[in-house]
Amino acid sequence: MTVMAQPLTGASSTLAQQWDSINWKTTEAGVNRLQMRIAKAIRENKHGKAKALSWLLTHSFYGKVVAVKRVVQNKGGKTPGVDNVVWKTPQQLMLAAKSLKRRGYRTLPLRRIYIPKKDGKKMRPLSIPPMNCRAMQALHLLALEPIEEMMADRNSYGFRPKRSTADALEACFISLSKGNSAQYILEADIRSCFDKISHTWIKNNIPMDKEILSKWLAAGYMEKDGTLHQTIDGVPQGGIISPTILNVTLSGLEKTIRNATSKRKDKVNCSIYADDFIVTGKSKEILEQKVKPVIEFFLRERGLELSQEKTKITHIAEGFDFLSVNIRKYNDGKLIRKPSKKSVKNFFG
């Protein structure tokens, strides 16, 4: 594929000078201040104020240049969309920042590619937006992220700032390591999570500009052969804002799980990483009869369902795999975490 640079129509050396002269420390500090004000407004249930601040951030010069910078510095920053355009020069970057306007904004279809899954047998679809749409998503992500942080579950760790798989595994250790800890684990996996989230639910519940959001959801995707497909459900894997939309969609899952039983002695706890999560319980019956049904109802409202093939209940003595790590309590009562056999095999081929 031949990659074209963004045309320089209207660009000049002045644009390059403007980009090169940006004080990034001041710029990012300005964005952070607005994000903190948005988070504070959500915490105080001042949703109207949060909406006004989000509008201010997504229309600010600081927000626009930070969004463009994040797009080009992203791991896929050199991968073009269907328009075959990438941004390389300072002129192009400044021109791109100035073009991020709500009025007249139009989306292009996403470019569909396929990458191997961990098992090496199946392929995972990735839908890559064009650069302009990526930058627009990054801009609105700046406003959505602080809202998502205020809404997120305490033990949700995927795609969140300053949280990682290590935190999710530590939550497992805390819930399972003691002698009187829970003995059973519900290993849950959501089937085709990104691809199946209800568009109706997203439009009604994601706290961001509905007009822009609707355009993204209706963009469709284009296969390598040029075939255009409409998108009826889901958000694209490959979209910058998609993981945060997923987190907002699943916010409240932990509360739902904990409310399945009001007894602390049932030892119901969870650790969530994106669409993978585990739930601990004192007995198999609690997980099967109380916890699993409320999870299924919670997901059904959002157009999602558990994968029956991958979802199962396991005793801690048998051990289970979570985030490529095997967690098991052996005969001496000691909980051991080590790389799973599957991840070791994938690593060494």
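It should be emphasised that the depicted structure is a prediction, and the values quoted were computed from it without experimental measurement. (Residues numbered from 1 in each chain as written. Predicted model: local features only at pLDDT ≥ 70, side-chain atom pairs only at ≥ 80, totals over all residues. Heavy atoms only, no water.)

A. Molecular detail of the pairing of strand β5 (residues 184-189). Here β5 lies mainly inside the structure; five of its six residues are buried. Both β5 and strand β9 (residues 276-281) contribute to a ladder of six bridges, which runs antiparallel. The residue bridging A188 from the neighbouring strand is F277, located in β9. Pairing between β5 and strand β10 (residues 312-315): four bridges, direction antiparallel. What sits directly across from E187, in β10, is K312. (Buried < 20%, exposed > 50% of the residue type's maximum accessible area, 1.4 Å probe, protein only. Helix = DSSP H or I, 4+ residues; strand = E, 2+ residues; numbered from the N terminus. Pairing = 2+ DSSP bridges.)

B. View of the side chain of T280. Topologically, T280 is positioned in strand β9. Residue class for T280 comes out buried when judged on its relative accessible area of 1%. At 3.0 Å, the side chain of T280 and the backbone oxygen of K267 are in polar contact. (Polar contact = N/O pair within 3.5 Å; in protein donor to acceptor, adjacent residues only side chain to side chain.)

C. Quick peek at the packing of aromatic side chains. This model, assessed by the stated rule, comprises three aromatic pairs. Between F159 and Y273, the aromatic rings sit 6.3 Å apart at their centres with planes inclined by 40°, giving tilted as the arrangement. Of this pair, F159 sits in the loop between α6 (131-151) and α7 (165-176) while Y273 sits in strand β8 (residues 269-273), placing them 114 residues apart in sequence. Lying across the ring of Y221, R112 places its NZ or CZ 3.7 Å from the centre. The ring of F298 carries R302 above its face, with NZ or CZ at 3.7 Å from the centroid. (Phe/Tyr/Trp six-rings, centres within 6.5 Å; stacked < 30°, edge-to-face > 60°. Lys NZ or Arg CZ within 6 Å of the ring centre and 35° of its normal.)

D. Spatial organisation of the layout of surface pockets. In this structure, the second largest pocket occupies an estimated 570 Å³ of space. Taken together, 18 residues make up the lining of the second largest pocket; nearest its centre are S175, R258, K267, V268 and N269. Those elements that provide at least two residues to the lining of the second largest pocket are α7 and β8. Here the lining of the second largest pocket takes three residues from α7, the largest share from any one element. Residue composition of the lining of the second largest pocket, grouped by class: five nonpolar, seven polar and six charged. (1 Å grid on protein atoms, 1.4 Å probe; cavity = no way out; pocket = protein on both sides within 12 Å on 5 of 7 lines; lining within 4 Å. Points joined across faces, edges and corners; volume = space filled by probe spheres on them. Nonpolar A, V, L, I, M, F, W, Y, C, P; charged D, E, K, R; others polar.)

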